[in-house]
Each structure stands twice: as structure tokens, then as C-alpha cells.
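Understanding the architecture of this molecule
Below are the chains, spelled out letter by letter.
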Amino acid sequence: MDSPWGIFFAEGARLLAMPWGIVSLVDLYVGFALFSCWIAFREKALLPSVIWIILMMVLGFWAGALYTFIALQTSGGDWKRFWYGKRAA
């Protein structure tokens, strides 16, 4: 019986062998990086930034959607506060 890591690496190799697989991974990780940069900018403290970025890398854009929802709820309709977070003051 194969280990899960063996299957993971075999499937990863198949994905990277296809042009659309490469494009999809680049798209995914560029999105993660840009969204993570926004989180790091928006949060003044290091710990919340690190926690949210780790959640992004583990849970993907489910965590990003939750972060955006919380940002919308706490901004009180102020777009500057939504985009800049604690830096808006």
C-alpha cells in the first residue's frame, strides 16, 4: 500500500507536467501572496498577521473570505477603514 505522501508527490508530478496545472498553481500562490500582503499591511500587530496568513495557507480562500467578512463587518461602512484596517486612524 502506498503512503499518502507517495500519492501526493505522484499526483503533484502529474499536475506539474500539464501547462494548465502550472498556470493554476501560479495563479493560486500569487493570489495567496497578494492577499497575505494585504492582511500583513492591514494588521498593525505581527501575531494576528501571522495567524491569518497561516490560516490562508492551510485553509485557502475560505480563511480569506472569513477575513474579508470580518473586515467588512468591523469597518462600519467606511471603505478606508475596510482597506487600511488599523492603519486608517
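Description of the structure in this document. Keep in mind the model is a prediction, meaning the values are calculated, not measured.

A look at the pattern of salt bridges
Where charged atoms from two side chains of opposite charge come close, those side chains can pair. One pass over the full model with this rule turns up two salt bridges. Note that Arg14 is salt-bridged to Glu11, the shortest N-O span being 3.2 Å. Residue Arg14 and its partner Glu11 are both found in helix α1 (residues 4-16); the two are separated by three residues, about one turn of the helix. Under the relative-accessibility criterion, Arg14 is labelled exposed at 55%.

A word on the nonpolar core
In this structure, Phe32, Phe35, Trp38, Ile39, Trp52, Met56, Ala63, Tyr67, Ala71 and Phe82 together form the largest nonpolar core, which totals ten residues. Those elements that provide at least two residues to this core are α2 (19-42), α3 (46-59) and α4 (61-75). Discounting residues that sit within four places of it in the chain, Phe32 has contacts with Met56, Met57, Gly60 and Phe61.

Notes on α3
The end-to-end C-alpha separation of α3 is 20 Å, in line with the 20 Å expected for 14 residues at 1.5 Å each. Each element contacted by the buried residues of α3 is listed here: α2 and α4. A positive phi of about 75° marks Gly60, the residue just after α3.

Cut-offs applied
- Residues numbered from 1 in each chain as written.
- Predicted model: local features only at pLDDT ≥ 70, side-chain atom pairs only at ≥ 80, totals over all residues.
- Heavy atoms only, no water.
- Salt bridge = Lys/Arg side-chain N within 4 Å of Asp/Glu carboxyl O.
- Helix = DSSP H or I, 4+ residues; strand = E, 2+ residues; numbered from the N terminus.
- Buried < 20%, exposed > 50% of the residue type's maximum accessible area, 1.4 Å probe, protein only.
- Core = buried A, V, L, I, M, F, W, Y, C linked by side-chain atoms within 4.5 Å.
- Contact = heavy atoms within 4.5 Å.
- Expected span 1.5 Å × (residues − 1).

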